[in-house]
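If you want the building blocks of each chain, they are given just below.
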Amino acid sequence: MSQEIIVVHGNNTLSGEVTVAGAKNSALKLLAASILGQGVSTIRNVPMISDIRIMSDVLRCLGATVEREGHTLTIDTTNVDKHETPYELVSKMRASISVLGPLIARFGQARVAMPGGCQIGERKIDMHLVGLHALGVEFSVDHGYLEARTPNGLRGTQVFLEFPSVGATENLMMAAIVATGDTVLENAACEPEIADLANMLNAMGADVQGAGTPTIRIRGVGFDTLHPCDHTTVGDRIEAGTFLVGGALTGGPLTVRGIDPSFLRMALMKLTAMGCEVETGEDWITVKRERPLVPTDIQTLPHPGFPTDLQAQYMLLAALADGVSVITENVFENRFMFAAELTRMGADISLEDHHALVRGVKGLQGAPVKSTDLRGGAALVLAGIVAEGETKVYKISHIDRGYEDYVGKLRALGADVERVVVE
């Protein structure tokens, strides 16, 4: 069977300007939230990626119409009349579990296939279920489907999350906005995408306060008071961080636009610690480097800590630093699969449990490698740009899940990279 791969000829060149797309991790949940609008909502700055196509198909299966014009999606949920999502779609993308909260809010019930997605860890949905149960949802599992019912309706309560889970925080927010009374979410996720979702929910008539902090307060409103809205997705901080790593690798200068620098505060601190110069403006960040990369230790943590979605990219930086770095992965247990592929290119990385000991090398060599997950795949393409010779990256469908026109944007920055169909 033929497949598409990315072929990179190392030329150590990435400089100029690139504009990032809307945040994948926000847009997916905004689409799910449109179920609550009972009409025609418009969501702008939506990235053209495969995950968005899958979520659009999930909404269509529920009875919605979804139309795209450029980066704008128009979603009519007036005729949503189903509360079940099929396994064929949910198994392709874990984020489709985010329709659980809106379906419960709209219908008082839901039947959702257990989710799939990147193979970077178990990412159980226990916290979703515990929190929703506290709101009055009863669950059962039937032949691989999660069945949810609210025999006594949704009722406001206090929920303390065991871990600041982004998905659980989002599902609880979307269900609690129609609960009777007030809900307080403690130890909530603080990611910028949480605040983006809350802004859309409030534009639809909800009352959500404190999103982006560990304590979110939600005053329940009647479902009939919710209405459609027009909302613009925030910029993708992980795409921005990926390109900034590319600039740091090659020296730049490289500027990313369309991103709030505060979304990447910890990542920018680490770029500075590794020997880069970083400048920021209202919606742009520039990185350049004129001296050797400096080793540094990194540990991933929920926002505002260092994002797990940038761990692979920074491991690549550490692999070329002048010394030893320790990277600790605290969020996903399988996220070091990328290290084995980078080692094929000449990196010196030793793994022990959730720690990676990265000994910097003088350079990398081009090799055939495969994407192990979305972010690791993007990092392998960057590795090819600074490697000697040719790198072929396989299983690029992972990359297409989260990066719009990744190859095109890299080419515009000077990289020698192309998509090729091979047998």
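Conventions we followed
- Residues numbered from 1 in each chain as written.
- Predicted model: local features only at pLDDT ≥ 70, side-chain atom pairs only at ≥ 80, totals over all residues.
- Heavy atoms only, no water.
- Helix = DSSP H or I, 4+ residues; strand = E, 2+ residues; numbered from the N terminus.
- Pairing = 2+ DSSP bridges.
- Axes fitted to C-alpha atoms, helices over the stretch in contact; angles between N-to-C directions.
- Polar contact = N/O pair within 3.5 Å; in protein donor to acceptor, adjacent residues only side chain to side chain.
- Buried < 20%, exposed > 50% of the residue type's maximum accessible area, 1.4 Å probe, protein only.
- Arc of directions from axis to C-beta.
- Contact = heavy atoms within 4.5 Å.
- Phe/Tyr/Trp six-rings, centres within 6.5 Å; stacked < 30°, edge-to-face > 60°.
- Lys NZ or Arg CZ within 6 Å of the ring centre and 35° of its normal.
- Parallel < 35°, antiparallel > 145°, perpendicular 65-115°, else oblique.
- Nonpolar A, V, L, I, M, F, W, Y, C, P; charged D, E, K, R; others polar.
- Core = buried A, V, L, I, M, F, W, Y, C linked by side-chain atoms within 4.5 Å.

## Considering unusual backbone geometry
Item 1. Each neighbour pair has its own omega, and for Gly252 with Pro253 the value is 0°, a cis peptide bond.
Item 2. By secondary structure assignment, the location of Pro253 is in the loop between helix H8 (237–250) and strand E15 (254–257).
Item 3. The phi angle at Gln38 is positive, at roughly 55°, despite the residue not being glycine.
Item 4. Relative to the helices and strands, Gln38 resides in the loop between helix H1 (24–33) and strand E3 (40–44).

## Here we look at the sheet that holds strand E12 (residues 207–209)
Item 1. The strand order across the open sheet built from four strands is E10-E11-E13-E12, with neighbouring strands paired in mixed fashion. Each of the sheet's edge strands pairs with one partner strand only, and the pair in question is strand E10 (158–160) and E12. Across this sheet, the average inter-strand angle for adjacent strands is 15°, counted without regard to direction.
Item 2. Where strand E11 (residues 182–186) meets strand E13 (residues 215–219), five bridges bridge the pair, whose relative direction is antiparallel. Within E13, the residue paired with Asp182 across the bridge is Arg219.

## Observations concerning the side chain of Thr242
Item 1. If you trace the backbone, Thr242 turns up in helix H8.
Item 2. Among the polar contacts listed, one links the side chain of Thr242 to the side chain of Gln313, at a separation of 3.0 Å.

## A short note on helix H9 (residues 265–273)
Item 1. Residues of H9 that are buried include every one of Ala267, Leu268, Lys270 and Leu271, and no others. The buried residues of H9 occupy one face: seen down the axis, they fall within an arc of 155°.
Item 2. Taken together, the buried residues of H9 touch H8, strand E16 (277–280), strand E17 (284–288), strand E18 (298–299) and helix H10 (311–319).
Item 3. Immediately beyond the C-terminal end of H9, within one or two residues, lies Gly275, with a positive phi of roughly 105°.

## Re the packing of aromatic side chains
Item 1. Overall, the coordinates contain three aromatic pairs when judged by the stated rule.
Item 2. Judged by centre distance (4.8 Å) and plane angle (85°), the ring pair of Phe306 and Tyr314 falls under edge-to-face.
Item 3. Given a relative accessible area of 1%, Tyr314 falls into the buried group.
Item 4. An angle of 40° between the planes, with centres 4.9 Å apart, marks the rings of Tyr403 and Tyr406 as tilted.
Item 5. Exposure remark for Tyr403: the relative accessible area of 2% places this residue in the buried category.
Item 6. Residue Tyr406 is classed as buried on the basis of its relative accessible area, which comes to 4%.
Item 7. Each residue in the set Phe243, Tyr403 and Tyr406 is aromatic and connected to the rest through ring pairs, giving one cluster.
Item 8. Between Arg111 and the ring centre of Tyr145, over which it is positioned, the NZ or CZ distance is 4.2 Å.

## What to know about the packing of H1 against helix H2 (residues 50–62)
For any two helices packed against each other, the geometry comes down to the angle between their axes and how far apart the axes lie.
Item 1. Relative orientation of the contacting elements H1 and H2 amounts to 10°, with a least axis distance of 10 Å. In terms of orientation, H1 lies roughly parallel with respect to H2. Across the interface between the two elements, Lys24, Ala27, Leu28 and Leu31 from H1 touch Asp51, Ile52, Met55, Ser56 and Leu59 from H2.
Item 2. Within the contact of H1 with H2, the residues separate by chemical class into six nonpolar, one polar and two charged.

## Here we look at the nonpolar core
Item 1. By size, the foremost hydrophobic cluster in this structure holds 73 residues, and its most contacted members are Val256, Tyr314, Met315, Leu342, Leu364 and Leu410.
Item 2. Setting aside residues no more than four positions away along its own chain, Leu364 makes contact with Leu316, Leu320, Leu342, Met345, Gly346, Ala347, Ala383, Val386, Ala387 and Glu388.

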